[in-house]
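Structure assessment
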Amino acid sequence: MRDFGGIVELTPARSVRPATAEDVVAAVRDAAARDLDLVPRGLGHSTHGQSLTTGVSLDLRGLAGVHEVGADHAVVGAGASWREVLAATLPLGLTPPVLTDHLDVTVGGTISAGGIGGTSHLHGTQAENVLALDVVAGGRLVTCSPGVRPELFDAVRGGIGRHGVITGATLRLIPAPERVLSCTIPCRDAADLLRVQRETRAEHISGQVKPSEQGWAFEAKAVLYGDGREPPPGTTEVEELPYAGFCDRLRPDVEELITLGEWARPHPWGMVFLPGPGAAAVIESTLATMTTADLGLSGVILVKALRVGHVPMLAVPDDPVLLSVLRTASPGCASVAEMLAANGALLDRAAAAGGTRYAVDSVPPPTG
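These numbers were taken from a predicted model, which means no experiment stands behind them. (Residues numbered from 1 in each chain as written. Predicted model: local features only at pLDDT ≥ 70, side-chain atom pairs only at ≥ 80, totals over all residues. Heavy atoms only, no water.)

1. Here's the deal with the side chain of Asn-343
- Relative to the elements of secondary structure, Asn-343 occurs in helix α11 (residues 336-352).
- Once residues within four sequence positions are removed from consideration, Asn-343 is found in contact with Pro-268, Trp-269, Gly-270, Arg-327 and Ser-362. (Helix = DSSP H or I, 4+ residues; strand = E, 2+ residues; numbered from the N terminus. Contact = heavy atoms within 4.5 Å.)

2. With respect to the pairing of strand β17 (residues 320-326)
- β17 sits mainly inside the fold: seven of its seven residues count as buried.
- Burial of β17 is two-sided: the residues Pro-320, Leu-322, Ser-324 and Leu-326 facing one way and the residues Val-321, Leu-323 and Val-325 facing the other way are all buried.
- Here seven bridges tie strand β15 (residues 269-275) to β17, and the two strands are oriented antiparallel to one another. Note on β17: the bridge partner recorded for Val-272 is Leu-323.
- Examined bridge by bridge, strand β16 (residues 300-305) and β17 share six bridges and lie antiparallel to one another. Residue pairing in the sheet places Val-300 in a bridge with Leu-326 of β17. (Buried < 20%, exposed > 50% of the residue type's maximum accessible area, 1.4 Å probe, protein only. Pairing = 2+ DSSP bridges.)

3. A few points about the sheet that holds strand β1 (residues 14-16)
- If you trace the three strands from one edge of the open sheet to the other, you get β1-β3-β2, paired in parallel fashion. Edge positions in the sheet fall to β1 and β2 (38-41), since each has one partner strand and no second. On average, each strand axis in the sheet is inclined to that of its neighbour by 20°, with strand direction left out of account.
- Inspection of the sheet shows β2 paired to strand β3 (residues 56-59) by four bridges, in the parallel sense. Its bridge partner being in β3, Pro-40 is matched across the sheet by Leu-58. (Axes fitted to C-alpha atoms, helices over the stretch in contact; angles between N-to-C directions.)

4. Brief notes about the packing of aromatic side chains
- Scanning the model with the defined rule gives four aromatic pairs in all.
- Relative to Tyr-358, the ring of Phe-273 has its centre 5.0 Å away and its plane inclined at 50°; by these criteria the two rings are tilted. With Phe-273 in strand β15 and Tyr-358 in the segment after β18 (356-357), this pair connects stretches of sequence that are 85 residues apart. By the burial criterion, Phe-273 is buried, and Tyr-358 matches it.
- An aromatic cluster is built from Phe-4, Trp-263 and Trp-269, whose rings are joined through pairwise contacts.
- Over the ring of Phe-246 we find Arg-249, and its NZ or CZ is 4.3 Å from the ring centre. (Phe/Tyr/Trp six-rings, centres within 6.5 Å; stacked < 30°, edge-to-face > 60°. Lys NZ or Arg CZ within 6 Å of the ring centre and 35° of its normal.)

5. Notes on the side chain of His-267
- Along the chain, His-267 falls in the loop between α8 (251-260) and β15.
- Separated by 3.5 Å, the side chain of His-267 and the backbone oxygen of Glu-262 make a polar contact.
- At 2.7 Å, the side chain of His-267 forms a polar contact with the backbone oxygen of Arg-265. (Polar contact = N/O pair within 3.5 Å; in protein donor to acceptor, adjacent residues only side chain to side chain.)

6. A closer look at the packing of helix α6 (residues 190-199) against helix α9 (residues 276-288)
- Between α6 and α9, the least distance of the axes is 8 Å, while the angle of their chain directions is 140°. Put simply, α6 runs oblique to α9. Handedness of the crossing formed by α6 with α9: right-handed. Judged by residue contacts, Ala-190, Ala-191, Leu-194 and Arg-198 of α6 engage Gly-276, Ala-279, Ala-280, Ile-283 and Glu-284 from α9. (Parallel < 35°, antiparallel > 145°, perpendicular 65-115°, else oblique. Left-handed = near helix turned anticlockwise from the far one by under 90°.)

7. A look at the sheet that holds strand β5 (residues 73-77)
- The antiparallel open sheet is built from five strands, whose spatial order is β4-β5-β9-β7-β8. Both outer strands of the open sheet, β4 (66-69) and β8 (140-144), are each paired with one neighbouring strand and no more. Strand after strand, the sheet turns through a mean of 15° between neighbouring axes, direction not considered.
- Direction of pairing for β5 relative to strand β9 (residues 165-172): antiparallel, over a ladder of five bridges. Residue pairing across strands places His-73 opposite Arg-172, the latter belonging to β9.

8. With respect to the nonpolar core
- Formed by 33 residues in total, the largest nonpolar core has its most connected members in Trp-82, Val-107, Ile-111, Leu-133, Val-135 and Leu-171.
- At four residues, strand β7 (residues 130-137) tops the list of elements feeding residues into this core.
- Leave out the neighbours within four places in its chain, and Ile-111 touches Ala-127, Val-130, Leu-133, Val-156, Arg-157, Gly-158, Ile-166, Ala-169 and Leu-171.
- Grouped together as the second largest cluster of nonpolar side chains are 32 residues, Val-196, Val-303, Ala-305 and Ala-350 included. (Core = buried A, V, L, I, M, F, W, Y, C linked by side-chain atoms within 4.5 Å.)

9. A short note on the environment of Ala-13
- Positionally, Ala-13 belongs in the segment before β1.
- Sequence-wise, Ala-13 and Phe-153 are 140 residues apart; in three dimensions their C-alpha atoms are separated by 29 Å.
- In this view, Ala-13 contacts Thr-54 and Gly-55; residues no more than four positions away in its chain are not counted.

10. A word on unusual backbone geometry
- Of note in the backbone geometry, Asp-35 takes a positive phi value of approximately 60° without being a glycine.
- For Asp-35, the position within the fold is in the loop between α1 (21-33) and β2.
- Overall, Asp-35 belongs to the exposed group, its relative accessible area being 71%.
- The phi torsion at Arg-149 lies on the positive side, around 50°, for a residue other than glycine.
- Inspection of the secondary structure puts Arg-149 in the loop between β8 and α5 (150-156).
- Its relative accessible area of 36% is what places Arg-149 among the partly exposed residues.

Following this line, the structure appears as structure tokens:
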């Protein structure tokens, strides 16, 4: 069995697909009785075996479904994808405050990872926008929230599935816009990109570093919700989109990558949280060591200044910036081993600057 990263391959001793939370309880108790590791798995979008095990693989896609949508919340199964959540909430004019760029990942999976999106500079992580969780911990099913079993609530959000199995979630919802205005803002360098992200007033903002004939080019995307908004200073391109289409903007790219075979190639992703004051220097020094071959034919580099509140398991520096070097091991480019080594160097560089690892990444195993 593999995950999206396509680097680690493990064969579980047993695979279980529970249909109910009670089935999860039974599977957890059985694994404990057999002294087997148990790892929950959604759509397997981890990149270095985080959703794999040689023990019990717990496939939570059987716990899908949106069970209730209220005026400000939705009750969903942990195995529901964010695409399924949106399909239930948008007809009512509602949306989760934070969405991942790629919608075909599960609610339980991204809450367990933290969950970062283009609105995280305003709303924090997806884990911060959870009102309550149903969790199997200690061999029993319990509910936790900021006011009920807060220690467990804090342990499972961003806990990569190692402190309990999330079976259901109550998600915060906010009003959804009908349309958005996507604005492209070219930037001079990493420092300018971060300045634009911090100073631009937009509901959704992100940054990307792209190869060009002159070297690496920096670009911010500021997305304004609603009609009649003026593009931010420095905007060179604008595109008006329905909100639903904007949320699903990656689907055509993913379909093309599947056709080209790039989606199935190994994805050694390097992802680090950097402290704001030193982020630009780390980004520039990282780019100075890279060529397009080190990134892969369909690899991308993303930069996101964000806000992270009370998610203890998601250890981040102050004023955090997420640098994501999303490599693809394409033919004729750097090898998987070389890309993993580069991720290790990135992590060392980040740590020296006071940064931390985002644990959904691909890093070499520790030595010694």
